[in-house]
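Chain by chain, the residues run as shown.
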Amino acid sequence: MTQVKSGDTVRIHYTGTLADGSTFDSSEGRDPLEFTVGSGQIIPGLDNAMSGMAVGEKKKVEVPADEAYGQPDPSARQAVPRAEIPEDIPVDLGTQLQVQTPDGNAMPVTVVEVTEAEVTLDANHPLAGRDLTFDIELVEIT
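Quick notes on the rules
Residues numbered from 1 in each chain as written. Predicted model: local features only at pLDDT ≥ 70, side-chain atom pairs only at ≥ 80, totals over all residues. Heavy atoms only, no water. Pairing = 2+ DSSP bridges. Helix = DSSP H or I, 4+ residues; strand = E, 2+ residues; numbered from the N terminus. Axes fitted to C-alpha atoms, helices over the stretch in contact; angles between N-to-C directions. Buried < 20%, exposed > 50% of the residue type's maximum accessible area, 1.4 Å probe, protein only. 1 Å grid on protein atoms, 1.4 Å probe; cavity = no way out; pocket = protein on both sides within 12 Å on 5 of 7 lines; lining within 4 Å. Points joined across faces, edges and corners; volume = space filled by probe spheres on them. Nonpolar A, V, L, I, M, F, W, Y, C, P; charged D, E, K, R; others polar.

Novice: I tried to follow the sheet that holds strand β7 (residues 106–114) on my own but got confused; where do I start?
Specialist: Strand-to-strand pairing in sheets goes through backbone hydrogen bonds, with the strands running parallel or antiparallel. Pairing is antiparallel in the open sheet, where 4 strands are placed in the order β5-β8-β7-β6. The open sheet has two edge strands, β5 (77–81) and β6 (96–100), and neither has a second partner. Here the average twist between neighbouring strands, direction ignored, is 45°. With 5 bridges joining them, β6 and β7 adopt antiparallel strand pairing. Bridge pairing links Q98 to P108 in β7.

Okay, here's the thing in C-alpha cells:
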C-alpha cells in the first residue's frame, strides 16, 4: 500500500477544532484540500503528520501553536488615531478589515480595542497562540 512521502501531492478531508471543541474550519461539503507535502503550503504541524499515511486512513492530529500559526507578535498590533479612520469604516470589536501596507499590499487586520481616541488593529493570524486539533482523512495521493 502506497504511503505519503515528502513531495507527494495529496488530497485530504479535515475538520479543525480548538481546545473548547469548537470548529474553526472544515472541508465538509467542499472538495478535499489539495497540497504538496513538505512544500510549506499548509501549517507545519499538519504537514508533518501526513508522512506515512495511506489512502483511506484517518487520524487525529494535535498541533501546538508553535507548529500552527505561531505565537502572537505584539509588534503586529497598532493603535491608530480614530480621526484617521473614515466614518464609513466599521470599528466594532472583532471586525475584520484590510489595510494597505506601505508597499501597496493588502493586509487583513482585526479590531481588538476601541477608545474615543484610538482604534487598535491586530495583524496577527486569528489562530496565533492557539493549539489546534485536526481530524483528517487521506482521500488521495495524486
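Novice: Can you walk me through the pairing of strand β8 (residues 118–122) in this structure?
Specialist: Each regular strand shows side chains that alternate between the opposite faces of the sheet. Across the 5 residues that make up β8, a large majority, 4, are buried. Alignment of β5 against β8, held across 5 bridges, turns out to be antiparallel. Across the sheet, V80 pairs through a bridge with V119, a residue of β8. In this sheet, β8 lies alongside β7 in antiparallel orientation, the contact comprising 4 bridges.

Novice: I keep staring at the layout of surface pockets and nothing clicks. Help me out?
Specialist: It is a probe the size of a water molecule, rolled over the atoms, that shows where empty space is left. Roughly 320 Å³ of internal volume is contained in the largest pocket. In this structure, the largest pocket is lined by 17 residues; those nearest its centre are Q78, V80, V99, V109 and L121. For the lining of the largest pocket, the elements supplying multiple residues, two or more each, are β5, β6 and β7. In terms of residues, the lining of the largest pocket owes the most to one element, β6, which gives 4 residues. Within the lining of the largest pocket, the residues separate by chemical class into 11 nonpolar, 5 polar and 1 charged. In terms of lining, the second largest pocket is formed by Y14, F24, D25, L33, Q41, I42, I43, L46, Y69, L127 and F134. Here the lining of the second largest pocket is composed, by residue class, of 9 nonpolar, 1 polar and 1 charged.

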